[in-house]
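The residues making up each chain are set out below.
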Amino acid sequence: MEADDTKAPEELADVLEVVHALAADLGVDARQLEKIREVEASERGGFADRIVWTGNR
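The rules we used
Residues numbered from 1 in each chain as written. Predicted model: local features only at pLDDT ≥ 70, side-chain atom pairs only at ≥ 80, totals over all residues. Heavy atoms only, no water. Helix = DSSP H or I, 4+ residues; strand = E, 2+ residues; numbered from the N terminus. Expected span 1.5 Å × (residues − 1). Polar contact = N/O pair within 3.5 Å; in protein donor to acceptor, adjacent residues only side chain to side chain. Buried < 20%, exposed > 50% of the residue type's maximum accessible area, 1.4 Å probe, protein only. Patch = residues over 30% accessible without salt bridge, like charges linked within 9 Å, V, L, I, M, F, W, Y side chains within 5 Å. Areas by Shrake-Rupley, 256 points an atom, 1.4 Å probe, with all protein chains shown as cover. Salt bridge = Lys/Arg side-chain N within 4 Å of Asp/Glu carboxyl O.

### Notes on helix α2 (residues 30–44)
Residues separated by three or four positions in an α-helix point in the same direction, a consequence of the helix having 3.6 residues per turn. Here α2 spans 21 Å end to end across 15 residues, near enough to the 21 Å set by a 1.5 Å rise per residue. The distance from a side-chain oxygen at the start of α2 to the backbone nitrogen of Arg31 is 3.1 Å, and the residue carrying that oxygen is Asp29. With its phi angle positive at about 90°, Gly45 sits one or two positions after the end of α2.

### Re the environment of Asp49
Its place among the elements puts Asp49 in the segment after α2. Looking at Asp49, the relative accessible area reads 67%, which means it is exposed. Once the C-alpha coordinates of Asp49 and Pro9 are considered, the two residues, 40 residues apart in sequence, prove to be 19 Å apart.

### Digging into a nonpolar patch on the surface
A surface patch of nonpolar side chains, about 240 Å² in accessible area, is lined by Val15, Leu16 and Val19. Here Val15 lies in helix α1 (residues 8–25).

### Quick look at α1
Spanning 18 residues, α1 covers 26 Å between terminal C-alpha atoms, matching the ideal 26 Å at 1.5 Å per step. Gly27, located one to two residues past α1, shows a positive phi value of around 80°.

### A few points about the pattern of salt bridges
Taken as a whole, this structure holds three salt bridges when the rule is applied. Residues Glu10 and Lys7 are paired through a salt bridge, measuring 3.5 Å at the closest nitrogen-oxygen approach. Relative accessible area serves as the criterion here: at 45%, Glu10 is assigned to the partly exposed category. Arg44 is the partner of Glu40 in a salt bridge, and the nearest nitrogen-oxygen pair spans 1.9 Å. Here Arg44 and Glu40 lie together in helix α2, a separation of four residues that amounts to about one turn. Since its relative accessible area comes to 31%, Glu40 is described here as partly exposed.

So, in C-alpha cells, the structure goes:
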C-alpha cells in the first residue's frame, strides 16, 4: 500500500512468489491455482473494483 508506482510491481511479485510457494506446498501448480482463481472470481466476483473488507467494526 505504501509502495510507489515504480516499486509496487516488485512488491506484488514478492506476494505472488509467496502464494506460489504456499500452493506448491499443497501440491497445487500455478496453472491449477489460476483455474481455481478464475472459477472463484466468476462465482463470487473478483477484486477489480478495489473493494477491501477491513473487518467488523
